[in-house]
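So you can see what is in the structure, the chains are spelled out below.
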Amino acid sequence: MFADLEDTAINRAVMRKVLSDSEIDSVFAATGQEARLRQYRAIARTDSENKWGHHKRIFVPILLKRDLETRASLTIVDFGAGDGSLGREILAQAPGARVISVDIENNLKSHDTQFVKRSLNAPLDIASGSVDIVCARYVLHHVADLEFAVRDIYRILRPGGKLLILEHNAYSDIIVHLCELEHYLYSVLESGAAAPNYFKSRVEFDKILIASRFRGITYRPMRDSATRNYEALYGKK
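A. A look at the packing of helix H2 (residues 21–29) against helix H3 (residues 33–43). At a closest axis distance of 7 Å, the pairing of H2 and H3 adopts a crossing angle of 150°. The angle between the axes of H2 and H3 places the two elements in the roughly antiparallel class. Remark: the crossing between H2 and H3 carries right-handed chirality. Across from Glu23, Ser26, Val27 and Phe28 in H2, the residues of H3 making contact are Arg36, Gln39, Tyr40 and Ile43. Its residues placed into classes, the contact of H2 with H3 shows four nonpolar, two polar and two charged.

Now the structure itself:
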């Protein structure tokens, strides 16, 4: 899709997530697509603090604060866990929590959390009504069977349980383009295959969640995000 990584304002907006302006300049100073991608990979910061610092400072405390005030221990599902970085951060701040890492493959870098494999259109091997919080961090747009997955998340949550999501608000063609570029560059950075994407607007996500009997609690846009990222908290009725 990106035959030429051109020096445009929207491409710079996406790259600014992980590169400074001077670093972006050096990427576009390279001649040709492959040279630019090699330069991008060579200088892009890949440490977790730069990529996921927001989740350490804001996301995890929001996830845990109120629930830890009322419950001595929590069972938390990290839906789309990847390497388990979020689960490790949760355990660092709430050592008494039980974290279940869910993904299609086990790529966890430690064994501090329980791994549960997710299969297409198959219920998770997690008991109904047994989970306090499910967090889905930039993963729902990768899920082809989203309605089924959301219904299964609802099933495993206890009454009053919460679903906290971070997503892109892909409400226009230009935002979809930005999201696609961001994911393309991420796959270049990680030297891996890009996962399929099914980008949606916040309104579309909300309709699917409400249809599955979730109730919306809070919504917070990240105003400095080129891809219009947002946090939304839903509760099980």
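Picking up where we left off.
B. Focus on the sheet that holds strand S7 (residues 229–236). Strands sit in the order S3-S2-S1-S4-S5-S7-S6 across an open sheet of seven strands; the sheet is mixed. Since the sheet does not close on itself, it has two edges, and those belong to strand S3 (114–117) and strand S6 (214–221), each with one partner. The mean inter-strand angle of the sheet, taken between neighbouring strand axes irrespective of direction, is 20°. Where S6 and S7 come together, seven bridges link them in antiparallel fashion. Within the sheet, the bridge partner assigned to Phe214 lies in S7 and is Lys236. Packed on one face of the sheet, helix H6 (residues 146–156) meets strand S1 (75–79), strand S4 (131–137), strand S5 (157–168), S6 and S7 and runs near 140° to S5.

C. Region of the structure containing the pairing of S5. The element S5 is extensively covered by neighbouring structure, given that nine of its 12 residues are classed as buried. With H6 bridging S4 and its parallel neighbour S5, the resulting β-α-β unit is right-handed. For S5 and S7, the ladder comprises seven bridges, and the chain directions are antiparallel. Counted as the bridge partner of His168 is Asn229 from S7.

D. Looking closely at empty space enclosed by the protein. Per the counting criterion, the structure on display carries two cavities of 30 Å³ or more. Estimated volume of the largest cavity: approximately 40 Å³. Lining the largest cavity are Phe79, Arg118, Ser119, Ala122, Leu124, Phe148, Ala149, Asp152 and Ile153. Per-element accounting of the lining of the largest cavity gives the leading share, four residues, to H6. Among the residues making up the lining of the largest cavity, the classes are represented as six nonpolar, one polar and two charged. Of the voids in this model, the second largest cavity is the one considered here, and its volume is about 40 Å³. Along the walls of the second largest cavity sit Asp83, Gly84, Arg88, Leu108, Lys109, Ser110, Asp112 and Thr113, which together make up its complete lining. Class assignment of the residues belonging to the lining of the second largest cavity gives a composition of one nonpolar, three polar and four charged.

E. H6, seen in detail. Among all positions of H6, only Leu146, Ala149, Val150, Asp152, Ile153, Tyr154 and Ile156 are buried. Check the buried side of H6 and you find it contacts S1, S4, S5, helix H8 (202–211), S6 and S7.

F. Quick look at the packing of H6 against H8. One way to put it is that H6 packs onto H8 with a least axis distance of 9 Å and a crossing angle of 50°. The orientation of H6 with respect to H8, classified from their angle, is oblique. Both H6 and H8 take part in a crossing whose hand is right-handed. Every residue of H8 that contacts H6 at Leu146, Glu147 and Val150 is listed here: Phe205, Ile208 and Leu209.

Cut-off values and rules
- Throughout, residues of each chain are indexed from 1 in the direction in which the sequence is written.
- A pLDDT threshold of at least 70 governs which residues receive local features in this predicted model, and a stricter bar of 80 or more applies before side-chain atom pairs are shown or counted, although totals over entire chains, interfaces and linings include all residues.
- Heavy atoms throughout the structure, all of them, feed into the side-chain values; hydrogens and water do not.
- Inter-axis angles, ranging from 0 to 180 degrees, are taken between N-to-C directions of lines fitted to C-alpha atoms, where helices are fitted over the stretch in contact.
- Numbering of helices and strands starts at the N terminus; helices are DSSP runs of H or I of at least 4 residues and strands are runs of E of at least 2.
- Each angle receives one of four descriptions, namely roughly parallel if under 35 degrees, roughly antiparallel if over 145, roughly perpendicular if within 65 to 115, and oblique otherwise.
- If you view the pair so one helix is near and one far, a crossing is left-handed when the near helix is turned anticlockwise from the far one by less than a right angle, and right-handed when it is turned clockwise.
- Note on contacts: a residue pair qualifies if any of its non-hydrogen atoms lie within 4.5 Å across the two residues.
- In this count, Pro and Cys sit with the nonpolar residues alongside Ala, Val, Leu, Ile, Met, Phe, Trp and Tyr, while Asp, Glu, Lys and Arg are called charged and the others, Gly among them, polar.
- Any two strands with at least two DSSP-identified bridges between them are counted as paired.
- Only protein chains enter the calculation, and the probe is 1.4 Å; a residue is then buried if its accessible area is under 20% of its type maximum, exposed if over 50%, and partly exposed in between.
- When the strands point away from the viewer, a crossover counts as right-handed if the route from the first strand across the helix to the second turns clockwise.
- Using protein atoms alone on a 1 Å grid, points that fit a 1.4 Å probe yet trap it form a cavity, whereas open point sets bounded by protein on both sides within 12 Å along at least five of seven lines form a pocket; residues with an atom within 4 Å of a point count as lining.
- Grid points are joined across faces, edges and corners, and a volume is the space filled by probe spheres set on the points.

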